Amino acid sequence: MAMECATLGPMPKDFLKNAQSRYDVVVIGSGLAGLTAANVLARQGRSVLLLEQHYKLGGMATWFKRPGGHIFDISLHGFPYGMVKSCRRYWSKEIADSIVQLDGVRFDNPMFSLQTSFTREDFTKKLIENFKLAPEQVHAFFDKARGMNFYDDQQTTTRELFDEFFPGREDVIRLLMEPITYANGSTLEDPAISYGIVFSNFMSKGVFTFRGGTDKLIGQMTEVLQESGVDVCIRCDVTKINLNHGKVASVEVNGRTIECDAIVSNANLRATIFNLVGEEKFDRGFIDDARAVRLNNSSTQVYMAMREDESLDVNELGDLLFSSTAPTFQTEALLSRDITSRTYSFYYPKVRPEGQPRHLIVSSTNARHEDWADLPDDDYEASKKDLCETTLDALDKYVPNVRERLVHIEASTPRTFQHYTAHIAGASFGTKFEGLAVSRALPQQITGLYHAGSVGIIMSGWLGAMNYGVIVANEVDNQLMTGGSASTTGFEKTVAGEVAS
Ligand SMILES: Cc1cc2nc3c(=O)[nH]c(=O)nc-3n(C[C@H](O)[C@H](O)[C@H](O)COP(=O)(O)OP(=O)(O)OC[C@H]3O[C@@H](n4cnc5c(N)ncnc54)[C@H](O)[C@@H]3O)c2cc1C
């Protein structure tokens, strides 16, 4: 019988009060990968303990409330249609049924302005009619992107892919690349397969969202976890993974040791290896590879709530607006603190039909942790204020007189993301591509130790993280069943099937 380990009451609280001393599997972290892995394993009959250091489940899939009925979503901007299938299969029909398509995606930059349904059909039309490309060229590009899978050449970069099909067309590259850079932090220098798979996922049917908001989704997932029999404990910061003869033995959490046969770490990959286990426990070559894994970039966001008597027009603004004042598309410019590119998500009462009718805007930008990490408190606060002010200046073009129409504004920075999710450097999408191989190799290093969570661009974002949780859960189950060493057979096939669906 599943139980919630935390009970509300006067301090001090023992957040592990109802946890057993031993489980088949301990899942560290409740991001979408951790939650999904825990649920799948419990449904397979395993005893599962889910430990989350924060006071809320969800990781980056989170939200916060402000007085006046305002609820801000952090990472609910858009995901591919594949979420419907994954939610139905691994969660519930009820969750899958709340997934709806965004009404409109807009682009506005010095090279072009357009509105699109963000589907292959509409992009093809735009590329032929607006960008004057030959139909064969466009079809060939889509076919190539769609045909990419994990087996493909990992040397070709996204820039080389674009140069092959659209040489000299920086405007076309901008249209094709800007949303994906936003969606998973990938750059023109990353392997083309990471672009092709994610881009094709979106193009299959468009961009989708969860009606009811992240709070509803995580609430429903929590109920399903209870039904599946997962013991869930919040405010439980795992500080150590203990081994016994090269095999996982237990975790240290809130002063207790909990034994287990397998561990799925949903914590940052590098934190898992270097902080929770310790590099001395791994082969030298593995540690060299792990050290070479680059973290993905972080983000800043500005959260704005319109006054109750104010509204936003969905027909005019759409749901998602990729705006930029930079003359051309450059990854470096996207990361700069001198922000020229912002992605606005407009939230209308339709997002939370059961809540109070509120109109909200969240502006997101990619950002470097080092630009924010060491600012003294005064400078940090001043920089956040400046971020809000420059965002309002930029937003005025789309929402005239926005300053007078707002009732609330605040900002988050890479420091905020690091604080709440314990991701090194506040990485929004885990690690770069090379992280995937290191994540996959963990169980060969230490029997029973697995990692599931944003890595390698493909396995990031809501869909990628969730599907990675499923893949890893199946491997853990397999290992527990055979009692043998880890097998990752079939992973590549599964990646192509699960992620690209
Ligand atoms: C600003 C922003 C916007 C985004 N927008 C989108 C979007 O529109 N669409 C999309 O698909 N994706 C988006 N993403 C990405 C998406 O949210 C993430 O890729 C995904 O949610 C990550 O899931 P995860 O399973 O990797 O875990 P994470 O969300 O990273 O969660 C990891 C969890 O582990 C916990 N943890 C870490 N260490 C420990 C420990 N030692 N003990 C216990 N618990 C621990 C953390 O507290 C956290 O809850 C966005 C991300 C950001 C930051």
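Residues numbered from 1 in each chain as written. Predicted model: local features only at pLDDT ≥ 70, side-chain atom pairs only at ≥ 80, totals over all residues.

A.B. asks: For the overall build of the protein chain, give the residues involved together with the corresponding values.
C.D. replies: From N to C terminus, the protein chain includes 20 helices and 18 strands. Projected onto its principal axes, the C-alpha positions of the protein chain cover 60 × 55 × 45 Å. Across the 501 residues of the protein chain, 50% fall into the buried class. (Helix = DSSP H or I, 4+ residues; strand = E, 2+ residues; numbered from the N terminus. Buried ≥ 20, exposed ≤ 12 C-beta atoms within 10 Å, placed from the backbone.)

A.B. asks: Report on the domain arrangement of the protein chain, specifying residues and quantitative values.
C.D. replies: For the protein chain, the assigned domains read domain 1 (22-59 + 215-292 + 429-499), domain 2 (105-205) and domain 3 (297-424). The straight-line distance from the C-alpha centre of domain 1 to that of domain 2 is 32 Å. (Domains from an automatic or database assignment.)

A.B. asks: Before we move on, can you summarise helix α2 (residues 82-90) with the specific residues and values?
C.D. replies: All buried positions along α2 are accounted for by G82, M83, V84, S86, C87 and Y90. Buried positions along α2 lie against α1 (32-43), α3 (93-97), β5 (99-101), α8 (192-205), β8 (208-210) and α19 (461-482). (Contact = placed C-beta atoms within 7 Å.)

A.B. asks: Pulling in residues and values, what's your account of the site of the ligand?
C.D. replies: Residues in close proximity to the ligand total 39 residues, the closest being G29, G31, G59, H77 and G461. Classifying every residue of the shell around the ligand by side-chain character gives 15 nonpolar, 22 polar and two charged. Residue contributions to the shell around the ligand reach at least three from each of two domains, namely domain 1 (22-59 + 215-292 + 429-499) and domain 3 (297-424). (Near = placed C-beta within 6 Å. Nonpolar A, V, L, I, M, F, W, Y, C, P; charged D, E, K, R; others polar.)

A.B. asks: Explain the environment of G219 to me, and be specific about the residues and the numbers.
C.D. replies: Looking at where G219 falls in the secondary structure, it is placed in helix α9 (residues 213-228). It is 9.6 Å that separates the C-alpha atoms of G219 and G58, two residues lying 161 residues apart in sequence.

A.B. asks: How would you sum up the environment of E475? Please name residues and give values.
C.D. replies: Looking at the element boundaries, E475 is found in helix α19. In this structure E475 comes out as buried when scored by C-beta crowding, with 24 C-beta atoms within 10 Å.

A.B. asks: Summarise the nonpolar core; cite the residues concerned and give the values.
C.D. replies: V25, V26, A37, A38, V48 and I263 are the most contacted members of the largest nonpolar core, which totals 140 residues. No other element matches α19, which puts ten residues into this core. If we ignore the near neighbours within four places in the chain, the residues touching V26 are L49, L51, V251, I258, C260 and I263. (Core = buried A, V, L, I, M, F, W, Y, C linked by C-beta atoms within 7 Å.)

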